[in-house]
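Chain residues, written in single-letter form:
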Amino acid sequence: MTNRVLSSLIQRVWQITTSPNTEWNKISEEQKPVFRTFVFPYITICCIVAFWGFLLDSLDFVSALFKTLFLFLSMLGSVCIVWKTDCFIKNDNINIKRNNILQLVVYSFVPNFLLQTLMSFVPLMFFLKILALYPAYVFIKGYDILAEEKKDDTLFIIINIILIVTLPWLLQFICNYIWK
């Protein structure tokens, strides 16, 4: 990964987390493939950082490796599940393009994945889990910008907020539970 790619990735994560309004306006103008340019590099970096946190916490390489694998699967699985759910429930009332739905889902998960990574690196900061509600705010800001025409889309918004806030944590919990 080049320095330019890493720098732009860090900048995007910082901007979507600290000033979502400004960043959503930039995102709405982009047409690049989100999975290749953002999802995989971002999740990979999160998992590398988390791996070191898991390893330092348990001093068990195999356990850290599996926890990291579960984290990766929960992050990637969350993005795919919510995106496919949105594509399935999207109807005539929801006027948003398929690519914009993917952008909306992917970038709304950024604060949640950042928080999961931080929690795996520093487990004593468990009280920060309250910030898991922040992705709902990021999603709503993004929806306001990316949706071309707002109709009766309350159910769409509620389903997305619930999934974006809870699904990564739930998938990681399930994977860790199965592991034990």
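Please refer to the structure higher up on the page.
Given the structure is predicted, the values throughout are model-derived calculations rather than measurements.

Engineer: Is there a simple way to think about the nonpolar core in this case?
Structural biologist: Here is a general trend for soluble globular proteins: nonpolar side chains tend to be buried in one another's company. In terms of nonpolar packing, the biggest core is built from 46 residues, with Trp24, Phe38, Tyr42, Val106, Tyr107 and Phe113 touching the most fellow members. Secondary-structure elements contributing two or more residues to this core are helix H1 (3-18), helix H2 (20-28), helix H3 (34-58), helix H4 (61-89), helix H5 (98-108), helix H6 (110-121), helix H7 (134-146) and helix H8 (154-179). In terms of residues, this core owes the most to one element, H3, which gives 12 residues. If sequence neighbours within four positions are ignored, Phe113 has contacts with Tyr42, Ile43, Cys46, Met75, Ser78, Val79 and Pro168. Membership of the second largest hydrophobic core comes to 5 residues, among which are Leu115, Met119, Leu128 and Trp169.

Engineer: Could you clarify how one ought to interpret the packing of aromatic side chains in this entry?
Structural biologist: Two aromatic rings are characterised by how far apart their centres lie and by the angle between their planes. Counted by the stated rule, this structure contains 14 aromatic pairs. Ring plane angle 85° and centroid distance 5.6 Å describe the contact between Phe51 and Phe61, whose orientation is recorded as edge-to-face. Taken as a pair, Phe51 in helix H3 and Phe61 in helix H4 lie far apart in primary sequence, 10 residues in all. Consider the rings of Phe139 and Tyr143, whose centres lie 6.2 Å apart with planes at 20°: the pair is stacked. Of this pair, Phe139 and Tyr143 both sit in helix H7, 4 residues apart, roughly one helical turn. When its relative accessible area of 1% is taken as the criterion, Tyr143 is described as buried. Taken together, the ring pairs in this structure connect Trp24, Phe38, Tyr42, Tyr107, Phe109 and Phe113 into an aromatic cluster. Over the ring of Tyr107 we find Arg12, and its NZ or CZ is 5.1 Å from the ring centre.

Engineer: What is the right way to look at a nonpolar patch on the surface in this model?
Structural biologist: Together, Phe61, Val62, Leu65, Phe66, Leu69, Leu73 and Trp179 make up an exposed nonpolar region whose accessible area comes to about 620 Å². Here the nonpolar patch takes 6 residues from H4, the largest share from any one element. Within the secondary structure, Phe66 is located in helix H4.

Engineer: Please clarify how the side chain of Ser63 should be interpreted in this entry.
Structural biologist: With respect to the helices and strands, the residue Ser63 is situated in helix H4. For Ser63, a relative accessible area of 11% gives the class buried. With near-sequence residues (within four places) excluded, Ser63 lies in contact with Ser58 and Trp179.

Engineer: Would you take a moment to explain unusual backbone geometry for this structure?
Structural biologist: Residues apart from glycine generally show negative phi values, whereas peptide bonds are mostly found in trans. Of note in the backbone geometry, Leu59 takes a positive phi value of approximately 55° without being a glycine. Locating Leu59 in the fold gives a position in the loop between H3 and H4.

Engineer: Is there a simple way to think about the pattern of salt bridges in this case?
Structural biologist: Between side chains of opposite charge, a pair can form as their charged atoms come close. The full count for this structure, using the stated rule, is 3 salt bridges. Between Arg12 and Glu30 there is a salt bridge, and its shortest N-O distance comes to 2.5 Å. With Arg12 in helix H1 and Glu30 in the loop between H2 and H3, the pair connects residues that are 18 residues apart, well separated along the chain. With a relative accessible area of 10%, Arg12 lands in the buried category. Among the salt bridges present, the one from Glu23 reaches Lys26, with a minimum N-O distance of 3.8 Å.

The rules behind each value
- Residues numbered from 1 in each chain as written.
- Predicted model: local features only at pLDDT ≥ 70, side-chain atom pairs only at ≥ 80, totals over all residues.
- Heavy atoms only, no water.
- Core = buried A, V, L, I, M, F, W, Y, C linked by side-chain atoms within 4.5 Å.
- Buried < 20%, exposed > 50% of the residue type's maximum accessible area, 1.4 Å probe, protein only.
- Helix = DSSP H or I, 4+ residues; strand = E, 2+ residues; numbered from the N terminus.
- Contact = heavy atoms within 4.5 Å.
- Phe/Tyr/Trp six-rings, centres within 6.5 Å; stacked < 30°, edge-to-face > 60°.
- Lys NZ or Arg CZ within 6 Å of the ring centre and 35° of its normal.
- Patch = residues over 30% accessible without salt bridge, like charges linked within 9 Å, V, L, I, M, F, W, Y side chains within 5 Å.
- Areas by Shrake-Rupley, 256 points an atom, 1.4 Å probe, with all protein chains shown as cover.
- Salt bridge = Lys/Arg side-chain N within 4 Å of Asp/Glu carboxyl O.

Scope: geometric values only; no functional claims are made or implied.
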